[in-house]
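Summary of the model geometry
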Amino acid sequence: MRPCALLRATGVAEFTAIAAILELSEATPSKTIRNLIELDYVVTVKQASPARADARRTTTAALTPRGHTAIGGHLAALRELSGEAPRKPVH
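Thresholds, definitions, all that
- Residue numbers run consecutively from 1 along every chain, following the written order of its sequence.
- Local features in this predicted model are restricted to residues of pLDDT 70 or higher, and side-chain atom pairs are both shown and tallied only at a pLDDT of 80 or more, whereas totals for entire chains, interfaces and linings draw on every residue.
- Only heavy atoms go into the side-chain values, all of them from the structure, while hydrogens and water stay out.
- Helix and strand definitions follow DSSP, with helices as H or I runs of at least four residues and strands as E runs of at least two, each counted in order from the N terminus.
- One fewer than the residue count of a helix, multiplied by 1.5 Å, yields its expected span.
- The rule is simple: take the accessible area with a 1.4 Å probe, protein chains only, and divide by the maximum for that residue type; under 20% is buried, over 50% is exposed, in between is partly exposed.
- Contact definition: two residues touch when any of their heavy atoms are within 4.5 Å.
- Being paired, for any two strands, means DSSP has found at least two bridges between them.
- To get an axis, fit a line to the C-alpha atoms, keeping to the stretch in contact for a helix; angles then go from 0 to 180 degrees between the N-to-C directions.

Attention now goes to helix α4 (residues 65-82). A rise of 1.5 Å per residue sets the reference length of α4, with its 18 residues, at 26 Å; its end C-alpha atoms lie 26 Å apart and thus fit the reference within 8%. Of all the positions in α4, only G67, A70, I71 and R79 are classed as buried. The inward-facing, buried residues of α4 abut α1 (2-10) and β3 (57-63). G83 sits one or two positions beyond α4 and adopts a positive phi of about 85 degrees.

One open sheet holds the 3 strands; their spatial order is β1-β3-β2, and the pairing between them is antiparallel. A strand with exactly one partner marks an edge of an open sheet, and here the two such strands are β1 (12-14) and β2 (42-48). Taken over all neighbouring pairs, the strand axes of this sheet differ in orientation by 30 degrees on average, direction set aside. Strand direction decides the pairing type here: β1 and β3, joined by 3 bridges, are antiparallel. Bridge pairing in β3 places V12 opposite A62. Across the sheet, α1 touches β1, β2 and β3, and the angle it forms with β3 is around 90 degrees.

Dropping the structure here:
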């Protein structure tokens, strides 16, 4: 759920940024994102990095519409459990 919440807030993030922000080893978000792709919650794109002089590519991740709906539902349930007032959905 943490990677989805991060992607909801950022829109798109590189794997290395996801790992750094969530304080995870780089292998952990890779496995998690792979599972989220199977659920159609996340989509990834590999591309050349303008910041690198070599041929290595970076991978970015973003929520799919289904992923936005799922994380929105989770957050709404948490707000309800905590007694917070419902908020308008953000897309």
